Amino acid sequence: AAAAAGAAPAKDALPMLGVTSNSGSSSSKPLSKAIREAPLLKLARYHPLHDACWGPAEPAPYLAVALTLAAVDGTSSRLLIADGLTNMFRSLMLLAPGQVTAAAYLVCGKIAPEYALGADLSIGGAVVSSALCEVCGVSRAQLRELYNSMGDLG
């Protein structure tokens, strides 16, 4: 809880981003188009306080990482991707410096450092495939065919 609130975590505690609702508190910013597109602003135009999707004295929501990843997913430009990540980290450094580490792990596709015991989700590919088959209403053969043609389960 201390890490989610931005306080210094215990020495062996894992870094965490706050799981907060964008509409949960009266000071949360509305999720406007400008906020959704802000991560891809040029570095000189992005303001780490005003363009962030949360405000001062609030824990950084997972939404900050999600919006950034959604924005950079829509481009193949390495420069825009770098700008988007830089802008997100600038806001984190200003508004929630204790949560930069957690965000860095998330954007790298991890939940914790490799050496952290118990941080592995232990969810194998077979479990993910079964869940995808169930949710999408496809057979394993159909999923395998899609995987072979697209090369990615995402």
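No experiment lies behind these values; they were computed from the predicted model shown.

Next up on the list: the overall build of the chain. Looking only at helices and strands, the chain features six helices and zero strands. Starting at the N terminus and walking to the C terminus, you meet the elements of the chain as α-α-α-α-α-α. By residue count, 31% of the 154 residues in the chain fall in the buried class. By sequence separation, contacts in the chain at least 24 residues apart represent 56% of the contacts at least 6 residues apart. Per element, the accessible surface of the chain, about 9900 Å² overall, is 61% carbon and sulfur.

Moving on: the environment of Ser130. Its place among the elements puts Ser130 in helix H5 (residues 125-136). In this structure, the C-alpha to C-alpha distance between Ser130 and Arg140, residues ten residues apart in sequence, is 7.7 Å.

Attention now goes to helix H2 (residues 62-73). Because an α-helix completes one turn every 3.6 residues, residues spaced three or four positions apart along the sequence face the same direction. Between its first and last C-alpha atoms H2 spans 16 Å; for twelve residues at 1.5 Å apiece the expected length is 16 Å, and the two agree. Residues Ala64, Val65, Leu67, Thr68, Ala71 and Val72 constitute the buried set of H2. Down the axis of H2, the buried side of the element spans an arc of 165 degrees, and every buried residue falls inside it. Looking at H2, the residues exposed on the side facing more than 90 degrees away from the buried face are Ala70 and Asp73.

Here we come to helix H3 (residues 78-95). For H3, which comprises 18 residues, the first-to-last C-alpha distance of 26 Å matches the rise-based estimate of 26 Å (1.5 Å per residue) to within 8%. Listed in full, the buried residues belonging to H3 are Asp83, Gly84, Asn87, Met88, Ser91, Leu92 and Leu95. Buried residues along H3 sit in contact with H2 and helix H4 (100-107).

Residues Ile123, Val127 and Val128 make up a contiguous nonpolar surface patch of roughly 260 Å² in combined accessible area. Note on placement: Ile123 falls in the loop between H4 and H5.

The subject of this paragraph is the confidence of the model for the chain. Of all residues in the chain, 75% attain a pLDDT of 70 or more, and the chain-wide mean is 78. Across residues 1-14 the pLDDT falls below 50, and counting only partners more than four positions away or on other chains, this stretch makes 17 contacts in the model.

On the secondary structure map, Arg45 appears in the loop between helix H1 (33-37) and H2. By relative accessible area, which is 61% here, Arg45 ends up exposed. Separated by 42 residues in the primary sequence, Arg45 and Asn87 place their C-alpha atoms 10.0 Å from one another.

Let us look at the pattern of salt bridges. Counted under the stated rule, the structure contains one salt bridge. Among the ionic pairs, Lys33 bridges to Glu37, the shortest N-O distance being 3.8 Å. Taken together, the residues span about one helical turn, with Lys33 and Glu37 both in helix H1 at a distance of four residues. You can call Glu37 partly exposed: its relative accessible area is 46%.

Within the largest apolar cluster, 17 residues are counted, with the highest numbers of intra-cluster contacts made by Cys53, Trp54 and Leu92. Among the secondary structure elements, those contributing two or more residues to this core are H2, H3 and H4.

Procedures and definitions
- Residues numbered from 1 in each chain as written.
- Predicted model: local features only at pLDDT ≥ 70, side-chain atom pairs only at ≥ 80, totals over all residues.
- Heavy atoms only, no water.
- Helix = DSSP H or I, 4+ residues; strand = E, 2+ residues; numbered from the N terminus.
- Buried < 20%, exposed > 50% of the residue type's maximum accessible area, 1.4 Å probe, protein only.
- Contact = heavy atoms within 4.5 Å.
- Areas by Shrake-Rupley, 256 points an atom, 1.4 Å probe, with all protein chains shown as cover.
- Expected span 1.5 Å × (residues − 1).
- Arc of directions from axis to C-beta.
- Patch = residues over 30% accessible without salt bridge, like charges linked within 9 Å, V, L, I, M, F, W, Y side chains within 5 Å.
- Salt bridge = Lys/Arg side-chain N within 4 Å of Asp/Glu carboxyl O.
- pLDDT = per-residue confidence, 0-100.
- Core = buried A, V, L, I, M, F, W, Y, C linked by side-chain atoms within 4.5 Å.

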